[in-house]
Amino acid sequence: MKKIFWITLLIFCFFPFVSQAAQIKTVKIIKPIKILIVPGHDNEVWGAQYKNLKEADMNLVLATQIYNLLKKDKRYKVYITRNSQGYVKEFADYFMTEKDNIITFKTKAKEATQNKIDTGSLISKINVPHNAVSADTSIKLYGINKWANENKIDLVLSVHFDDTNRSTLSEIGPYKGFTVYYPDSQMANAKESVSVAKSIFNKLHKKFTTSTYPEENNGFVSDQKLIALGASGTLNSTVRAVLIEYGYIYRFGNSAMRHKFYTNAASLTAQGITNYFFPAKK
Ligand SMILES: [Zn+2]
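From a predicted model like this one, the values you see are computed outputs, not experimental measurements.

**A few points about the overall build of the protein chain**
Next up, step 1: Counting its regular elements, the protein chain contains 7 helices and 10 strands.
Next up, step 2: Relative to its 282 residues, the protein chain shows a buried fraction of 39%.
Next up, step 3: Contacts in the protein chain between residues at least 24 apart in sequence constitute 79% of all its contacts with a sequence separation of at least 6.

This is the structure in structure tokens:
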């Protein structure tokens, strides 16, 4: 009798655990990968320009194509910061209502980074030179990072075209080719970002030449100062960040060639992202 009592007790004690374990095994966790596409610059500050061609417009066309391709895949939840009308409501509202908080977020992050540099725990590196951004632009860029952290974004992809400083901007400059930028190894999100950057690079490299600008290191470069990559630790460790300069703007004067490029580049970028998040089983 005593024996039966103990056996019954044992069964009752373990049963909840057994049933819980079985449940965990059978519940399929469906978690869409969250991707934020950022077409670089905007209608107010449009970045590079070659004749009538504005970089912000090119970024938008290409970014929208990447957005549309990824959106078709139900494993992703995809966001974009702006469309042909300007910033989408979510971001326009966020920049306005969160302005003070974004400034605090940026100031605190910069102070913390300076402290780390002063104490020697962070080594400041020389990066490929980029144009400094205005106060207003920096609110948008840091705002996007703050939003990406809060919304647990898995990948922030920034889309750009390059330019070269030269005396006559209506003439074709010396460089060509694309560059994929990823966060410096000391940055919080570096570990997660490098692989996705490489995966996209490998795809783009199948079809396009890498940058011939020597400082762009054959098209694959780490950077510490680009806000879009999480400068000053402003992107959490799980928020992967990649910034692509798809080519030098003065090489895209021909409309037919440019549109063909958008289609190919969008498709290869989306494939690179998917190869990273959902590698084919061997
Ligand atoms: Zn740009």
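**Observations regarding the environment of Gly47**
Next up, step 1: Counting through the fold element by element, Gly47 comes out in the loop between β1 (33–39) and β2 (49–50).
Next up, step 2: Along the chain, Gly47 and His160 lie 113 residues apart, while their C-alpha atoms are 8.8 Å from each other.
Next up, step 3: With residues up to four places along the chain from it excluded, the contact list for Gly47 reads Gly40, His41, Glu55, Ala56 and His160.

**Considerations on the nonpolar core**
Next up, step 1: By size, the foremost hydrophobic cluster in this structure holds 65 residues, and its most contacted members are Ile37, Val156, Ile200 and Val242.
Next up, step 2: Among the elements that take part in this core, helix α2 (residues 55–71) stands out by supplying 8 residues, more than any other.
Next up, step 3: In contact with Ile200, other than residues within four places in its own chain, are Val180, Val242, Ile244, Thr269, Gly272 and Ile273.

**As for the sheet that holds strand β4 (residues 76–80)**
Next up, step 1: On the basis of which strands lie adjacent, the open sheet formed by 6 strands has the order β4-β1-β7-β10-β8-β9 and mixed pairing. In this open sheet, the two edge strands, each paired with only one partner strand, are β4 and β9 (220–223). Shown here is a sheet whose adjacent strand axes are inclined to one another by a mean of 25°, direction ignored.
Next up, step 2: Across 7 bridges, strand β7 (residues 155–162) lies against strand β10 (residues 240–248) in parallel orientation. What sits directly across from His160, in β10, is Glu245.
Next up, step 3: Contacts from helix α6 (residues 190–207) reach β7, β8 (179–183), β9 and β10, with the element oriented near 35° to β10.

**Comments concerning helix α4 (residues 99–119)**
Next up, step 1: Between its first and last C-alpha atoms α4 spans 30 Å; for 21 residues at 1.5 Å apiece the expected length is 30 Å, and the two agree.
Next up, step 2: Looking at the residues trailing α4, positive phi occurs at Gly120, about 85°.

**What to know about unusual backbone geometry**
Next up, step 1: For His41, which is not glycine, the phi dihedral falls at a positive 65°.
Next up, step 2: Summarising the element assignment, His41 is placed in the loop between β1 and β2.
Next up, step 3: His41 sits in the buried class, given 24 other C-beta atoms within 10 Å.
Next up, step 4: Of note in this structure, Lys51 is not a glycine but carries a positive phi near 50°.

**Details of the environment of Arg82**
Next up, step 1: Mapped onto the elements of the fold, Arg82 is located in strand β5 (residues 82–83).
Next up, step 2: Note on Arg82: 22 C-beta atoms within 10 Å, which makes it buried.

**Focus on the environment of Val239**
Next up, step 1: In this structure, Val239 sits in the loop between β9 and β10.
Next up, step 2: Overall, Val239 belongs to the buried group, with 24 C-beta atoms counted inside 10 Å.
Next up, step 3: Expressed as a C-alpha distance, the spacing of Val239 and Ser193, which sit 46 residues apart in the sequence, is 7.9 Å.
Next up, step 4: Residues in contact with Val239, not counting those within four places in the same chain, are Ala148, Asn149, Ile153, Val156, Asn189 and Gly230.

**A few points about the pairing of β4**
Next up, step 1: Across the 5 residues of β4, 4 count as buried, placing the element largely inside the fold.
Next up, step 2: As defined by bridge partners, β1 adjoins β4 across 5 bridges and the pair is classed as parallel. In the sheet register, Ile37 faces β4, and the bridge partner there is Ile80.

**Some details on the pairing of β9**
Next up, step 1: When β8 meets β9, the two strands line up parallel, connected through 4 bridges. In the strand pairing of β9, Val180 is matched with Phe220.
Next up, step 2: Traced from β8 through α6 to β9, the parallel crossover comes out right-handed.

**Notes on the confidence of the model for the protein chain**
Next up, step 1: A residue-level look at the protein chain finds 89% of positions with pLDDT of 70 or above and a mean pLDDT of 89.
Next up, step 2: Segment residues 8–27 is flagged for pLDDT under 50; beyond a separation of four residues in sequence, or across chains, it makes 0 contacts in the model.

**Brief notes about the packing of α6 against helix α7 (residues 255–277)**
Next up, step 1: Packing of α6 against α7 leaves a shortest axis separation of 8 Å and a crossing angle of 140°. Here α6 is positioned oblique relative to α7, judged by the angle of their axes. Our pair here, α6 against α7, has a crossing hand that is right-handed. When α6 is examined against α7, the residues Ser195, Val196, Ser199, Ile200, Asn202, Lys203, Leu204, Lys206 and Lys207 are found in contact with a partner set consisting of Asn264, Ala265, Leu268, Thr269, Gln271, Gly272, Ile273, Asn275 and Tyr276.
Next up, step 2: Class assignment for the residues of the contact of α6 with α7 results in 7 nonpolar, 8 polar and 3 charged.

Calculation notes
- Residues numbered from 1 in each chain as written.
- Predicted model: local features only at pLDDT ≥ 70, side-chain atom pairs only at ≥ 80, totals over all residues.
- Helix = DSSP H or I, 4+ residues; strand = E, 2+ residues; numbered from the N terminus.
- Buried ≥ 20, exposed ≤ 12 C-beta atoms within 10 Å, placed from the backbone.
- Contact = placed C-beta atoms within 7 Å.
- Core = buried A, V, L, I, M, F, W, Y, C linked by C-beta atoms within 7 Å.
- Pairing = 2+ DSSP bridges.
- Axes fitted to C-alpha atoms, helices over the stretch in contact; angles between N-to-C directions.
- Expected span 1.5 Å × (residues − 1).
- Right-handed = clockwise from strand over helix to strand, strands pointing away.
- pLDDT = per-residue confidence, 0-100.
- Parallel < 35°, antiparallel > 145°, perpendicular 65-115°, else oblique.
- Left-handed = near helix turned anticlockwise from the far one by under 90°.
- Nonpolar A, V, L, I, M, F, W, Y, C, P; charged D, E, K, R; others polar.

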